[in-house]
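# Structural description and commentary
Spelled out from the first residue to the last, the chains are:
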Amino acid sequence: MMARFIRWLLCLFGVIILGCGAFYVITAPSPFPASHWANLGNPDIKNGQLVFWAGGCTSCHAAPGAQGDAKLVLSGGLALTSPFGTFHVPNISPDEKAGLGSWTLADFGNAMKRGVGRNGEHLYPSFPYGSYIRMSDKDINDLWAFLKTLPKSDNVAPPHELPFPFNIRLALGGWKFLYLNEQPRVVLASADEKVKRGQHLVEGPGHCGECHTPRDSLGGFVSGQWLAGAPNPEGKGQIPDITPGSKAIGSWSAGDIANYLETGFTPDYDSAGGSMAEVQQNIAHLPATDREAIAAYLKALPAK
């Protein structure tokens with residue numbers, strides 16, 4: 001009887017060990033090898049600048065309240081509140097100690113597309129790599145080159161303030177297993193080149209869904225509700241639905257949307273407010289063809 005019990009315990013222990021091993025293999029950080037980022041050619045800094053504005057880097061990484069040229073000093077420090085705790089946005093200026101000055105393209109690319117930090121740790125998806133994973137390696141290379149032209153800052157952001165168990169980074173591997181992939185957020189039949197460009201900008205560098213799509217209890221997007229509106233992640237109000245069925249912009253034409261993204265004015269001569277005002281100011285740096293592409297994509301979405 002005792003021997004049978006011991007065998008049962010050993011089997012149980014073995015199953016637990018195998019399960020833990022399988023969990024680690026599935027959820028371990030998985031950066032691209034350095035060779036993935038080699039031989040991308042000379043970066044196009046002008047394109048990198050456009051990617052920078054499309055991605056809205058200043059909105060989170062500039063010092064809170066920065067204006068004018070100060071927006072190009074990516075010193076970090078903004079506090080992002082969430083149901084999981086408070087995230088403090090890091091310095092991503094070219095400073096060698098406080099920022100990314102000592103990083104390589106591979107370090108930067110793996111953070112952007114794999115959510116893996118320089119030391120091999122999982123990064124929190126408050127940094128929207130779940131969207132940036134859809135960016136091309138060329139755009140990553142170009143953006144990296146542009147970031148290195150910006151001013152340095154020696155500001156060091158405080159660490160995140162997260163309660164248990166959200167402070168356990170290993171668990172983020174499970175989140176990635178469930179939610180991180182490169183698939184389109186929606187499949188659009190017969191999309192032309194303009195709509196495809198808009199889809200790339202909205203689903204990739206623009207990361208519009210990070211605010212406009214509702215999330216489940218684990219922080220992943222709710223299936224079938226892409227851009228259908230969501231509670232404000234900062235806790236006040238509602239981020240609007242921006243699909244064609246939206247009460248906010250559903251009646252707008254593609255031209256209305258493109259004009260709003262350029263000027264900040266709605267068809268009723270209201271103006272962009274809240275965090276959207278800064279998003280609009282970033283997108284205004286893009287060429288008119290890109291704003292038109294974003295509008296075409298939004299009008300092509302299924303209504304919610």
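As the structure is a computational prediction, the values presented were derived from the model and not from experiment.

We now examine the overall build of the protein. Scanning the protein for helices and strands turns up twelve helices and four strands. The C-alpha radius of gyration of the protein comes to 21 Å, within 12% of the 19 Å expected for a compact globule of 304 residues. Its C-alpha atoms give the protein principal-axis dimensions of roughly 80 × 45 × 40 Å. Here the protein holds 304 residues, and the buried ones make up 43% of them. Sequence separation of 24 or more characterises 62% of the internal contacts of the protein that already satisfy a separation of 6 or more. When the accessible surface of the protein is totalled, it reaches about 16,200 Å², and 61% of it is carbon and sulfur.

Once that is clear, we can look at the nonpolar core. Counting 47 residues, the largest nonpolar core has F52 and Y297 as its most contacted members. Contact partners of F52, with chain neighbours within four places excluded, come to C57, T58, L72, L74, L143, F146, L147 and L150. L123, I133, W175 and Y179 belong to the second-largest nonpolar core, a separate cluster that totals seven residues.

A separate point is the packing of aromatic side chains. Using the criterion set out here, one finds twelve aromatic pairs in the structure. A ring pair is formed by F84 and F166, whose centres lie 5.1 Å apart and whose planes are at 80 degrees; its orientation type is edge-to-face. Of this pair, F84 sits in the loop between β1 (79–82) and β2 (85–88) while F166 sits in the loop between α6 (137–147) and α7 (172–179); the two residues are 82 residues apart in sequence, bridging distant segments of the chain. Ring geometry for Y129 and W175: centres 6.4 Å apart, planes at 85 degrees, overall edge-to-face. Of this pair, Y129 sits in helix α5 (residues 129–132) while W175 is found in helix α7, placing the two residues 46 residues apart along the sequence. No difference in accessibility class separates Y129 from W175, as the two residues are buried. Taken together, the ring pairs in this structure connect F127, Y129, Y132, W175 and Y179 into an aromatic cluster. In this arrangement the basic side chain of R114 is found over the ring face of F32, its NZ or CZ atom lying 5.2 Å from the centre.

The next point concerns the UniProt feature "domain: Cytochrome c" (unreviewed entry) in the protein. According to UniProt, the positions carrying the feature "domain: Cytochrome c" (unreviewed entry) are residues 43–151 and 193–302. Across residues 43–151 one finds 38% helix and 7% strand; the C-alpha atoms that close the span lie 19 Å apart.

About the criteria used
Residues numbered from 1 in each chain as written. Predicted model: local features only at pLDDT ≥ 70, side-chain atom pairs only at ≥ 80, totals over all residues. Heavy atoms only, no water. Helix = DSSP H or I, 4+ residues; strand = E, 2+ residues; numbered from the N terminus. Rg over C-alpha atoms; globule rule 2.2 N^0.38 Å. Buried < 20%, exposed > 50% of the residue type's maximum accessible area, 1.4 Å probe, protein only. Contact = heavy atoms within 4.5 Å. Areas by Shrake-Rupley, 256 points an atom, 1.4 Å probe, with all protein chains shown as cover. Core = buried A, V, L, I, M, F, W, Y, C linked by side-chain atoms within 4.5 Å. Phe/Tyr/Trp six-rings, centres within 6.5 Å; stacked < 30°, edge-to-face > 60°. Lys NZ or Arg CZ within 6 Å of the ring centre and 35° of its normal. UniProt positions renumbered as here; feature names shortened; annotations may be inferred.

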